[in-house]
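Structural characterization, general
Take a look at the letters that make up each chain.
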Amino acid sequence: MLKSSDLFHIPFYNKTHYTGSLEGMRFYIEKSGEGNDAVFQVWIFPGPFCFEKTPDTQKESTSFPFTEESIPQICDWLNARYQERSSFWNSHKALIP
């Protein structure tokens, strides 16, 4: 399972996106928007391909306020989505080289 300390803090997301994986479930986190309209956009998708090569129909997304307090919430959402479909994600783990 992921811990919120596995994810980065606000200054990182101001510069770039973050990708990671959890047992076959891949995720992509980025800042979207500016100022008061900024949010974290978070996607999950199955391996073995990267975000750009995975069809949009295989991606699920949600958003969170662009605040430091959202980092643990993002972690909780990722862990919950993994647990809900762990056998699905694990079947994609075997495909990852």
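Residues numbered from 1 in each chain as written. Predicted model: local features only at pLDDT ≥ 70, side-chain atom pairs only at ≥ 80, totals over all residues. Heavy atoms only, no water.

If you tally the helices and strands in the protein, you get three helices and four strands. Taken along the three principal axes of its C-alpha coordinates, the protein extends 40 × 25 × 20 Å. Residue burial in the protein is summarised as follows: out of 97 residues, 39% are buried. Taking the intrachain contacts of the protein between residues at least 6 apart in sequence as the baseline, contacts between residues at least 24 apart amount to 46%. Here the protein has roughly 5700 Å² of accessible surface; of this, 50% comes from carbon and sulfur atoms. Of the charged side chains in the protein, 9 are positive and 12 negative; the average position of the first set lies 8 Å away from that of the second. (Helix = DSSP H or I, 4+ residues; strand = E, 2+ residues; numbered from the N terminus. Buried < 20%, exposed > 50% of the residue type's maximum accessible area, 1.4 Å probe, protein only. Contact = heavy atoms within 4.5 Å. Areas by Shrake-Rupley, 256 points an atom, 1.4 Å probe, with all protein chains shown as cover. Lys, Arg positive; Asp, Glu negative; His and termini not counted. Charge placed at Lys NZ, Arg CZ, Asp CG, Glu CD.)

Every second residue of strand 1 (residues 18-22) is oriented toward a common face, the buried set being Tyr-18, Gly-20 and Leu-22 and the non-buried set Thr-19 and Ser-21. Counting the residues that bridge the hairpin from strand 1 to strand 2 (residues 25-32) gives two residues, and of these Glu-23 lies at a positive phi of roughly 50 degrees. (Pairing = 2+ DSSP bridges.)

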